[in-house]
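Secondary and tertiary structure notes
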Amino acid sequence: MKVDGKAYRTIWPDSDGESVIILDQTLFPHRFETARLTVVEDAARAISDMLVRGAPLIGATAAYGMVLAMRSDASDAALRAAYEQLHATRPTAINLRWALDRMEAVLRPLPHGDRAGAAWEEAARVCDEDVGINSAIGDNGLAIIRDVAAKKGGSPVNILTHCNAGWLATVDWGTATAPIYKAHDAGIPVHVWVDETRPRNQGAFLTAWELGRHGVPHTVIVDNAGGHLMQHGQVDMVITGTDRTTARGDVCNKIGTYLKALAAQDNGVPFYVALPTPTIDHRVSDGVAEIPIEDRSGDEVRFISGRSGGGITQVDLLPPASAVANPSFDVTPARLVTALITEKGVIPATEGAIAGLR
Ligand code: MRU
């Protein structure tokens, strides 16, 4: 997508042939800055400290992390160690394991001297494929938005989204936002309700920023507002992303997604989940029982940062002695999902339909 007229992806190899550049998402929306990854530890830290985040981008960064590891030591032991180090960064998004498995499968059979070169090529393929997949998700989701728009006689289609499943969460286009960008670009009037998404505010900080840069009308709301808006007919559809989708269609996404799905069902609002097929974990069926939910630091709940006097300031929100919990993802059961928007088509969230994608 474009930022101030210049096309960007969220991750790319630097022209020095030695390092990888990312957008430092911890600084958004206040500053637009890049960061350089030169060793595998940089890639691991970028994922765990959330300079990059979002399931597909976590996978792409891990793929480049393997490249950086192979540049300094291409032995079997280094390959395994890099895999383990990167895999330990975040537990929920399955794209991480998918990307690492893919890199390892390509690199392990090769002579050590060929591994770094092959790693660069494979990581670039992971990224290019992600862009193509998300564009196809956009085309498939566009058809749904077009149908809704046809019934609205020219008034905007109101779409609610949670967290950031936008281009910043992928290599480009986004998953949940791809149909929105395609609809906007096709001249269909859309308006997006952007859930703030406490505690890290990916909606307010990232989704609002990227929709704004692309000129898509949007309104930031607190996480508790969605149900009210649905009751009053102000939401035509929900589209979210997912960090892991099970074989039977349960979807695990940023904490709070489940509550939106419940409110959507109670109000007859269609609840769509947009996903690249590498986000499906065919080994897992019952998402609530089987998906590991990341527990992040309570400091993310206690503190909030924002602009103040030309700088960025962090403030403490809570009584000092209060305990804080920060489960970061929840699972929305398949029965609450209207359909899955994938690059291979729009399918029901059922075991049979998901198996048919393989
Ligand atoms: O903790 P994050 O910011 O990595 O969580 C991101 C999400 O929950 C996204 O909705 C999900 O990864 C889908 S991204 C296309």
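Residues numbered from 1 in each chain as written. Predicted model: local features only at pLDDT ≥ 70, side-chain atom pairs only at ≥ 80, totals over all residues. Heavy atoms only, no water.

**Describing the pattern of salt bridges**
Test applied: A pair is scored as a salt bridge if a Lys or Arg side-chain nitrogen falls within 4 Å of a carboxyl oxygen belonging to Asp or Glu. Helix and strand assignments come from DSSP, with helices taken as H or I runs of at least 4 residues and strands as E runs of at least 2, each series counted from the N terminus. A 1.4 Å probe rolled over the protein chains alone gives each residue an accessible area, and that area as a share of the maximum for its type sets the label: buried under 20%, exposed over 50%, partly exposed in between.
Inspection of the entire model under this criterion finds 25 salt bridges. A salt bridge links Arg36 to Asp14, with the shortest nitrogen-to-oxygen separation between them at 3.0 Å. Within this pair, whereas Arg36 is found in strand E5 (residues 34-37), its partner Asp14 is found in the loop between strand E3 (11-13) and strand E4 (20-23), the two being separated by 22 residues in sequence. Across the pair Arg248 and Asp250 runs a salt bridge, and its minimum N-O distance is 3.0 Å. Arg248 sits in the partly exposed class, given a relative accessible area of 34%. In this structure, a network of salt bridges that share partners links the residues Arg90, Arg200, Glu294, Arg296 and Glu300.

**Some points on the site of the ligand**
The condition is simple: By convention in these notes, a residue is near a molecule or strand provided one of its non-hydrogen atoms lies within 4 Å of it. Here a polar contact means two N or O atoms within 3.5 Å. Within protein one must be a hydrogen donor candidate and the other an acceptor candidate, and residues neighboring in sequence count only if both atoms are side-chain atoms. Here the accessible surface of atoms and residues is derived via Shrake-Rupley with a 1.4 Å probe, and residues count as covered only by protein chains that are part of the display. All residues other than Ala, Val, Leu, Ile, Met, Phe, Trp, Tyr, Cys, Pro, Asp, Glu, Lys and Arg, Gly among them, are scored as polar; the first ten of these are nonpolar and the last four charged. For the domain bounds, the source is a domain assignment made automatically or taken from a database.
Arg53, Ala55, Arg90, Asn253 and Lys254 are the nearest of the 19 residues found near the ligand. The contact in question runs from an oxygen atom of the ligand to an N or O atom on the side chain of Arg53, over 2.8 Å. Between the ligand and Arg90, the relevant distance is 2.8 Å, taken from an oxygen atom to a side-chain nitrogen or oxygen of the residue. Isolated, the ligand exposes 410 Å² of accessible area, and the fraction of that covered by the protein chains is 100%. Contributions of two or more residues to the shell around the ligand are made by helix H2 (55-72) and strand E11 (251-254). Its residues assigned to classes, the shell around the ligand shows 7 nonpolar, 8 polar and 4 charged. Counting the residues that make up the shell around the ligand, at least three belong to each of domain 1 (2-129) and domain 2 (134-355).

**A few points about the sheet that holds E3**
Going by this rule: When DSSP finds two or more bridges between a pair of strands, those strands are recorded as paired. In this analysis, axes come from line fits to C-alpha atoms, helices being fitted only over the stretch in contact, and the angle between any two N-to-C directions falls in the range 0 to 180 degrees. The contact criterion used is simple: two residues touch if any of their non-hydrogen atoms lie within 4.5 Å.
Reading across from one edge, E3-E4-E5 is the order of the 3 strands in this open sheet, with antiparallel pairing throughout. Two strands bound the open sheet, and with one partner strand each, they are E3 and E5. Geometrically, the sheet is characterised by an average inter-axis angle of 25° between neighbouring strands, direction not taken into account. As paired strands, E4 and E5 are joined by 4 bridges and run antiparallel to one another. In the sheet register, Ile21 faces E5, and the bridge partner there is Arg36. Against the sheet, H2 engages E3, E4 and E5, with an angle of about 20° to E3.

**What about the packing of H2 against helix H4 (residues 95-107)?**
What counts, and what does not: Two helices cross in a left-handed way if the nearer one is turned anticlockwise from the farther one by less than a right angle. They cross in a right-handed way if the turn is clockwise.
Where H2 contacts H4, the two axes come as close as 7 Å, and the packing angle between them is 35°. The chirality of how H2 crosses H4 is right-handed. Two secondary-structure elements touch here, H2 through Ala55, Pro56, Ile58, Gly59, Ala62, Ala63, Met66, Val67 and Met70 and H4 through Asn95, Leu96, Ala99, Leu100, Met103, Glu104 and Leu107.

**Brief notes about the domain arrangement of the protein chain**
The extent of an interface is frequently quoted as the accessible surface area lost upon association of the parts. Note the following rule: Accessible area that two parts lose when put together, with a 1.4 Å probe and added across both, is what the buried area reports.
Looking at the assigned domains, one finds that the protein chain contains domain 1 (2-129) and domain 2 (134-355). For domain 1 versus domain 2, the separation of C-alpha centres amounts to 24 Å. Opposite the 34 residues of domain 1 that make contact, domain 2 presents 34 residues. Note on domain 1 versus domain 2: buried area summed over both sides is about 2900 Å², and carbon and sulfur give 57% of it. Linking domain 1 with domain 2 are 3 salt bridges. Between Arg213 and Asp4 there is a salt bridge; the shortest N-O distance is 2.9 Å. At the junction of domain 1 and domain 2, the tally comes to 16 residue pairs in polar contact (both at pLDDT 80 or more).

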